[in-house]
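A structural walkthrough
Spelled out from the first residue to the last, the chains are:
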Amino acid sequence: MTAVLDGIEVPKTEGGWPRVRPVRVLADKAYSSRGNREWLRHRGIRVTIPVPAD
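Residues numbered from 1 in each chain as written. Predicted model: local features only at pLDDT ≥ 70, side-chain atom pairs only at ≥ 80, totals over all residues. Heavy atoms only, no water.

Quick look at the nonpolar core
Test applied: What makes a nonpolar core is a set of buried Ala, Val, Leu, Ile, Met, Phe, Trp, Tyr and Cys residues whose side-chain atoms join them at distances within 4.5 Å. Only protein chains enter the area calculation, which uses a 1.4 Å probe; residues under 20% of their type maximum are buried, those over 50% are exposed, and those in between are partly exposed. By the convention used here, residues are in contact when the closest approach between their heavy atoms is within 4.5 Å.
Among the nonpolar cores identified, the biggest contains 7 residues, and these are L5, V25, A27, W39, L40, I45 and I49. Apart from residues lying up to four places away in sequence, A27 is in contact with T48, I49 and P50.

Describing helix α2 (residues 34-42)
Condition: By the criteria applied, helices consist of DSSP H or I runs no shorter than four residues and strands consist of E runs no shorter than two, each listed in order from the N terminus. Along the arc lie the directions from the helix axis toward the C-beta atoms.
Restricting attention to buried positions, one finds in α2 the residues N36, R37, W39 and L40. Projected down its long axis, α2 carries its buried residues within an arc of 160°, all on one side. In α2, the exposed residues that point more than 90 degrees away from the buried face are R34, R41 and H42. Turning to α2, the residues buried within the fold contact α1 (2-6), β1 (24-26) and β2 (46-48). Looking one or two residues past α2, G44 carries a phi angle of roughly 75°, positive in sign.

Quick notes on the environment of R19
The following threshold applies: Any pair of nitrogen or oxygen atoms within 3.5 Å is treated as a polar contact; in protein, a donor-acceptor pairing is required on top of that, and neighbouring residues in sequence qualify only through side-chain atoms on both sides.
Inspection of the secondary structure puts R19 in the loop between α1 and β1. Sequence separation between R19 and I8 is 11 residues, and the spatial gap between their C-alpha atoms is 8.0 Å. In this structure the side chain of R19 is engaged in a polar contact, spanning 3.2 Å, whose partner is the backbone oxygen of R21.

Things to note about the environment of L40
Among the secondary structure elements, L40 is positioned in helix α2. Residues L40 and D28, 12 residues apart in the sequence, show an inter-C-alpha distance of 15 Å. Setting aside residues no more than four positions away along its own chain, L40 makes contact with M1, L5, V25, I45, V47 and I49.

Digging into the side chain of S32
On the secondary structure map, S32 appears in the loop between β1 and α2. Within the local environment of S32, its side chain forms a polar contact with the backbone oxygen of K29, the two atoms lying 3.0 Å apart. Contacts of S32, omitting those with residues within four sequence positions, involve R37, I49, P50 and P52.

Some words on the side chain of N36
Mapped onto the elements, N36 comes out in helix α2. Setting aside anything within four residues of it in sequence, one finds N36 in contact with M1, T2 and Y31.

In short, geometric facts, not functional conclusions.
In C-alpha coordinates:
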(Lines give C-alpha, C1' and ligand atoms only; values in the text may rest on other atoms or scores of the structure.)
Protein backbone atom coordinates (compact mmCIF):
# COMPACT_ATOMS: atom_id res chain seq x y z
CA MET A 1 0.00 0.00 0.00
CA THR A 2 2.74 2.47 0.87
CA ALA A 3 4.50 1.95 -2.48
CA VAL A 4 1.29 2.77 -4.36
CA LEU A 5 0.63 5.90 -2.29
CA ASP A 6 4.22 7.08 -2.77
CA GLY A 7 3.72 6.91 -6.55
CA ILE A 8 0.60 9.10 -6.67
CA GLU A 9 0.80 12.40 -8.55
CA VAL A 10 -2.31 14.37 -9.47
CA PRO A 11 -1.51 17.23 -11.86
CA LYS A 12 -3.06 20.63 -11.19
CA THR A 13 -5.02 22.28 -13.99
CA GLU A 14 -3.76 25.78 -13.05
CA GLY A 15 -0.11 24.74 -13.14
CA GLY A 16 2.28 24.37 -10.25
CA TRP A 17 3.49 21.28 -8.45
CA PRO A 18 1.37 18.11 -8.65
CA ARG A 19 -0.51 16.98 -5.55
CA VAL A 20 1.27 13.96 -4.07
CA ARG A 21 -0.56 13.44 -0.77
CA PRO A 22 -4.21 12.41 -0.59
CA VAL A 23 -6.46 13.94 2.07
CA ARG A 24 -8.11 10.62 2.93
CA VAL A 25 -7.53 6.94 2.12
CA LEU A 26 -10.40 4.47 1.87
CA ALA A 27 -9.18 0.87 1.95
CA ASP A 28 -10.30 -2.72 2.45
CA LYS A 29 -9.93 -4.63 5.75
CA ALA A 30 -6.82 -6.33 4.38
CA TYR A 31 -4.90 -3.04 4.73
CA SER A 32 -5.74 -2.39 8.38
CA SER A 33 -2.31 -3.34 9.71
CA ARG A 34 -0.73 -1.21 12.41
CA GLY A 35 2.16 -0.36 10.09
CA ASN A 36 -0.12 1.00 7.37
CA ARG A 37 -2.12 3.07 9.86
CA GLU A 38 1.04 4.51 11.43
CA TRP A 39 2.50 5.36 8.01
CA LEU A 40 -0.68 7.24 7.08
CA ARG A 41 -0.95 8.99 10.47
CA HIS A 42 2.70 10.11 10.27
CA ARG A 43 1.94 11.83 6.94
CA GLY A 44 -1.27 13.47 8.18
CA ILE A 45 -3.54 11.40 5.93
CA ARG A 46 -6.96 10.58 7.35
CA VAL A 47 -7.96 6.94 7.03
CA THR A 48 -11.15 4.94 6.60
CA ILE A 49 -10.23 1.26 6.96
CA PRO A 50 -12.53 -1.18 8.76
CA VAL A 51 -10.95 -3.42 11.39
CA PRO A 52 -11.25 -7.18 10.74
CA ALA A 53 -13.63 -8.98 13.11
CA ASP A 54 -11.65 -12.23 13.28
